[in-house]
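# Chains, contacts and geometry: an overview
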Amino acid sequence: MLNEKTLNHLPASVQPLRYRREEVGRGIVHFGVGNFFRAHEAWYVNRCLALPGQAQWGIVGVGLGGGGARGEAKARAFTQQDCLYSLTEVAADGARTVSIIGALREYLLAPADPEAVLARLADPQTRIVSMTITEGGYNINEETGQFRLDTPAVQADLKDPGRPTTVFGYVVEGLRRRRAAGAGPFTVLSCDNLRSNGHVAHEAFVGYARALDADLAEWIDANVTFPCSMVDRITPGVDTATRNALNAASGLDDDLPVLAENFSQWVLEDRFCNGRPALDRVGVEFVDDVAGYEQVKVRMLNAAHVLLGSTGLLLGHRYAHETVEDADLVRLANAYWTKDAMPQIDAPAGVDLDAYRRRLLSRFSNRAVADTLLRICSDGASKVRVFWTDTVRRSLDSGHDLDRIAFGIAAYLEMLRGQDEKGQTYAPIEPTLDADQMALVNDADLAAGLSLPAFDGWRDMDTTTLDAAVVAARRAIRDHGVRASLPA
Ligand code: CS2
């Protein structure tokens, strides 16, 4: 079993820790300890910890308890392994490296001990609170751009702020205690794929605080910083078979191994109100304005992921690499990138969009990552909104042809029906859609699905032509098959 006791007996091919674990502090609290966080932020911090003077920046992971029994099993596994785990990074040509990550110092399952989480947040040692809580996790009303106060969980936290259950309740109660104790603020760092994620986080946390205590909200607004960031690393889910294969290859006995592509990128605004690790020395790029990098990432990588994922599933593919081994789908992705996305992106100086596009094709081709299309399309209702809205709006505005966009929307709606054109079924993962909403995709009226919230981002515009094109594309997919319906 991988833990602190076995750290000195690692297989020779595994990269060990390059610092003394017992000296690692708790400078960061992170909400949402999923595979992506473990392969991304924790990996960068792990490298920082090996530099002189950085030991304070270890991470306390917090799980909000969404996973039920699975969440509890994960917490137990973290405890048994002293929060150590292995990361396997694999290149498109199959070359791999395995390293031990020790940046996660402690793991707290919030519902089991809310007070322990609040104590960590209030502890002056904590100087950054970061989060990966998913695109849909910020509880923002897309139309008004404001924090939604009307959800039951938020209402419950507002009524009983000393025993929160949401990330908003925890963070704001932690800040309240710090302010009362004169402990100073911490930085709130969103690491989700959102447009202007720092601004969204600001709106969410200050919006929640305002409903609780106007003075506190003002203090947060004046003292806490919310840097924007662009995060990127393809990190698949790890099921039991993958876990066994990773352990067989590494020679480790790790209950919590993570697998990721060897590419990684993190672009950050340098607005940390209470210090930060020397991330600039381990490959993180600090820039004045992250927006351009986000645009590139979200509208090129993530948007194409949903497009290829939906279309690929319908065709019977199950993995990302299969979509870029399919010449028709490569044509589709290239047409989307070069005709719809790239001409509308204000790329930052020095970013070559065509090189980025080619790099994506190579990244998507990584077979060893075995990224599933179901993961890529999961919570598509939130992703479509975040990843496609700008492109759709600009295309509607400019009178640009809507062929690929309409096809993408049609493919997403058809994909939600859970059956590919070979007759095989699969289970789309849409945590935000209820049964009635899911039923809309099977309605005899092929326009019915267009009322889903996924498409709210352009509901205020004239979509008559787009809607008709979506219906026509859905009809074509059903009558003639996906390949025959692909746009030029
Ligand atoms: C994917 C991302 O699920 C998705 O939205 O597009 O998880 C993607 O793998 C990451 O954003 C890559 O950085």
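Everything that follows concerns the structure shown earlier in this document.
Throughout what follows, the structure given in this document is the object of discussion. Nothing here was measured: the structure is a model prediction, and the numbers come from that model. (Residues numbered from 1 in each chain as written. Predicted model: local features only at pLDDT ≥ 70, side-chain atom pairs only at ≥ 80, totals over all residues. Heavy atoms only, no water.)

## So, the sheet that holds strand β14 (residues 285-287)
Taking strand neighbours across the sheet as the criterion, the three strands line up as β11-β13-β14 in an open arrangement whose pairing is mixed. With partners counted over all chains shown, the strands left at the sheet margins are β11 (229-232) and β14, one partner each. Strand-to-strand twist of the sheet, defined as the mean angle between neighbouring strand axes without regard to direction, takes the value 20°. Bridge analysis of strand β13 (residues 265-269) against β14 gives three bridges, and the strand direction is parallel. Residue pairing for β14: Leu268 is matched across the bridge by Phe286. (Pairing = 2+ DSSP bridges. Helix = DSSP H or I, 4+ residues; strand = E, 2+ residues; numbered from the N terminus. Axes fitted to C-alpha atoms, helices over the stretch in contact; angles between N-to-C directions.)

## Some details on helix α10 (residues 291-315)
Counting along an α-helix, one turn takes 3.6 residues, and residues three or four places apart therefore face a common direction. With 25 residues, α10 should cover 36 Å at 1.5 Å per step; its first-to-last C-alpha distance of 34 Å lies within 8% of that length. Val298 marks the point of greatest bend in α10, at about 25°. The buried fraction of α10 amounts to 24 of the 25 residues, a majority that puts the element mostly inside the structure. Backbone geometry just downstream of α10 places Gly316 in the positive-phi region, at approximately 105°. (Expected span 1.5 Å × (residues − 1). Bend = angle between axes of the 7 residues up to and from the residue. Buried < 20%, exposed > 50% of the residue type's maximum accessible area, 1.4 Å probe, protein only.)

## Points about the packing of α10 against helix α12 (residues 327-341)
It is at 10 Å that the axes of α10 and α12 come closest, and there the two elements cross at 145°. For the crossing formed where α10 meets α12, the hand is right-handed. Contacts between α10 and α12 involve Arg299, Met300, Ala303, Ala304, Leu307, Leu308, Thr311, Gly312 and Leu315 from the former and Leu329, Leu332, Ala333, Tyr336, Trp337 and Ala341 from the latter. Taken together, the residues of the contact of α10 with α12 sort by class into 12 nonpolar, two polar and one charged. (Left-handed = near helix turned anticlockwise from the far one by under 90°. Contact = heavy atoms within 4.5 Å. Nonpolar A, V, L, I, M, F, W, Y, C, P; charged D, E, K, R; others polar.)

## Topic: the packing of aromatic side chains
Describing an aromatic ring pair means giving the distance of the ring centres and the angle of the ring planes. In the structure shown here, the tally under the stated rule is 10 aromatic pairs. Aromatic side chains Phe31 and Tyr170 sit 6.2 Å apart centroid to centroid with 40° between the ring planes, which places their arrangement in the tilted category. Linking Phe31 in strand β2 (residues 28-31) with Tyr170 in helix α6 (residues 167-181), this pair joins segments that are 139 residues apart in sequence. Across the pair, exposure class does not vary: Phe31 and Tyr170 are buried alike. Here the aromatic rings of Tyr44 and Trp266 are separated by 5.4 Å at their centres, their planes lie at 50°, and the arrangement is tilted. Taken together, the residues Tyr44 in helix α2 (residues 41-49) and Trp266 in strand β13 connect sequence positions 222 residues apart. In this pair, the class of Tyr44 matches that of Trp266, namely buried. Among the aromatic residues, those joined into a cluster by ring pairs are Phe147, Phe168, Phe205 and Tyr208. One Lys or Arg, Arg38, reaches over the ring of Tyr85 and ends 4.6 Å from the middle of that ring. (Phe/Tyr/Trp six-rings, centres within 6.5 Å; stacked < 30°, edge-to-face > 60°. Lys NZ or Arg CZ within 6 Å of the ring centre and 35° of its normal.)

## Digging into the packing of α12 against helix α13 (residues 353-364)
Packing of α12 against α13 brings their axes to within 11 Å, and their N-to-C directions diverge by 150°. Our classification of the angle between α12 and α13 gives roughly antiparallel. Crossing of α12 against α13: the hand is right-handed. When α12 is examined against α13, the residues Val330, Asn334, Trp337 and Thr338 are found in contact with a partner set consisting of Arg357, Leu360, Leu361 and Phe364. The residue makeup of the contact of α12 with α13, split by class, is five nonpolar, two polar and one charged. (Parallel < 35°, antiparallel > 145°, perpendicular 65-115°, else oblique.)

## Some points on the nonpolar core
Counting residues in each nonpolar core, the largest one holds 107 residues, and the members touching the most others are Phe31, Phe205, Ile220, Trp337, Ile409, Phe455 and Leu466. With 12 residues, the single largest contributor to this core is α10. Residue-level mapping places this core at the junction of two domains, with at least three residues from each of domain 1 (4-287) and domain 2 (291-485). Setting aside residues no more than four positions away along its own chain, Trp337 makes contact with Met300, Ala304, Met342, Pro343, Arg357, Leu360, Leu361 and Phe364. (Core = buried A, V, L, I, M, F, W, Y, C linked by side-chain atoms within 4.5 Å. Domains from an automatic or database assignment.)

Everything listed here is a matter of coordinates, which is why it stays silent on function.
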